[in-house]
Amino acid sequence: MLELYQKESCPFCAKVRRTMEELDLDYLCHTSVKNSTKRKILKNLGGREAVPFLIDTNNPDNLVMMYESDDIIDYLYKTYGKKKSNDAISLE
Ligand SMILES: N[C@@H](CCC(=O)N[C@@H](CS)C(=O)NCC(=O)O)C(=O)O
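Scoring rules and cut-offs
- Counting starts from 1 at the beginning of each chain's written sequence and moves along it residue by residue.
- Totals for whole chains, interfaces and linings use every residue, but because this is a predicted model, local features are given only for residues with pLDDT of at least 70 and side-chain atom pairs only at 80 or more, for both listing and counting.
- Every helix listed is a DSSP run of H or I at least four residues long, and every strand listed is a run of E at least two residues long, numbered separately from the N terminus.
- In this scheme every C-beta is placed from the backbone, and a residue whose C-beta has 20 or more other C-beta atoms within 10 Å is buried, one with 12 or fewer is exposed, and one in between is partly exposed.
- Note on contacts: each residue gets a C-beta atom placed from the backbone, and two residues are in contact if those atoms are within 7 Å.
- As used in this record, a residue near a molecule or strand is one whose C-beta atom, placed from the backbone, is within 6 Å of it.
- Under the scheme applied here, ten amino acids are nonpolar (Ala, Val, Leu, Ile, Met, Phe, Trp, Tyr, Cys and Pro), four are charged (Asp, Glu, Lys and Arg), and all others, including Gly, are polar.
- The term nonpolar core means buried Ala, Val, Leu, Ile, Met, Phe, Trp, Tyr and Cys residues held together as one set by C-beta atoms within 7 Å.
- Being paired, for any two strands, means DSSP has found at least two bridges between them.
- A fitted line through C-alpha atoms serves as each axis, taken over the contacting stretch for helices, and the angle formed by two N-to-C directions is quoted from 0 to 180°.
- Helix span, expected: 1.5 Å multiplied by one less than the number of residues in the helix.
- The arc under discussion is defined with respect to the helix axis, by the directions toward the C-beta atoms.

K.L.:
Please give an account of the overall build of the protein that cites residues and values.
P.N.:
Within the protein one finds 3 helices and 4 strands. Going from N to C terminus, the protein has its helices and strands arranged as β-α-β-α-β-β-α. Residues classed as buried in the protein amount to 20% of the 92 residues present. Considering only residue pairs separated by 6 or more positions, the protein has 55% of its internal contacts joining residues 24 or more positions apart.

K.L.:
Summarise the site of the ligand; cite the residues concerned and give the values.
P.N.:
Taken together, Cys 10, Phe 12, Lys 34, Glu 49, Ala 50, Val 51, Pro 52, Glu 68, Ser 69 and Asp 70 make up all the residues around the ligand. Looking at the shell around the ligand residue by residue, the classes come out as 5 nonpolar, 1 polar and 4 charged.

K.L.:
How would you explain the nonpolar core if you had to name every residue and give the values?
P.N.:
Membership of the largest hydrophobic core is limited to 12 residues, which are Leu 4, Tyr 5, Cys 13, Val 16, Met 20, Leu 42, Val 51, Phe 53, Leu 54, Ile 72, Ile 73 and Leu 76. Elements supplying a minimum of two residues to this core: strand S1 (2–6), helix H1 (11–22), strand S3 (53–56) and helix H3 (69–80). Residues in contact with Leu 42, not counting those within four places in the same chain, are Tyr 5, Ser 32, Glu 49 and Phe 53.

K.L.:
Describe the sheet that holds strand S4 (residues 64–67), with residues and values.
P.N.:
Strand order in the open sheet made by the 4 strands is S2-S1-S3-S4, with mixed pairing throughout. Edge positions in the open sheet fall to strand S2 (28–31) and S4, since each of these has one partner strand only. With strand direction ignored, the average angle separating the axes of adjacent strands in the sheet is 15°. With 4 bridges joining them, S1 and S2 adopt parallel strand pairing. Paired with Leu 4 across the strands is Cys 29, a residue of S2.

K.L.:
Could you give an account of H1, naming the residues involved and the relevant values?
P.N.:
Residues spaced three or four apart along an α-helix point in a common direction, a consequence of the helix completing one turn every 3.6 residues. For H1, built from 12 residues, the straight-helix expectation of 16 Å at 1.5 Å per residue is met to within 8% by its first-to-last C-alpha distance of 16 Å. Along H1, the residues classified as buried are Cys 13, Val 16, Thr 19 and Met 20. Across the axial projection of H1, the buried residues extend over an arc of 120°, all falling on one side. Away from the buried face of H1 by more than 90 degrees, exposed residues Pro 11 and Glu 21 are located. Contacts made by the buried residues of H1 are with S1 and H3. Just past H1, the residue Asp 24 takes up positive phi, approximately 60°.

This is the structure in C-alpha cells:
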C-alpha cells in the first residue's frame, strides 16, 4: 500500500498527488495539518513534521519511507512508471 502524508495547501504535496494521478496509483491520503493527531503520527514515523511524506509497504522486504517531493516523484516513476520523471510534471 502507498500512503501519503500531505496537506492540501502545500504545493510540494500537490506535485506528488499529480504524479500519483498520472501513474494511476491508488494511495491512502493522510491529510495532516499542524497540531493534528496525524502530525504526531508523522513525526513518530519519519522524525520530522514535514510534508509530503510517502510510505510504501508494497514490498514486504523493503519498507520505504521518504520526505522530499522530488525524491518521492523519482521513486514513484522508477518503481511504478515507465516515463522519465522529467516528463512527469507539467505546469499546465
Ligand atoms: N523540499 C521539500 C519542501 C517541503 C515543504 O516545504 N513542506 C512544507 C509545507 S508546503 C512543510 O512541511 N512545512 C512544515 C509544516 O507544514 O509543518 C519538498 O520538496 O518536499
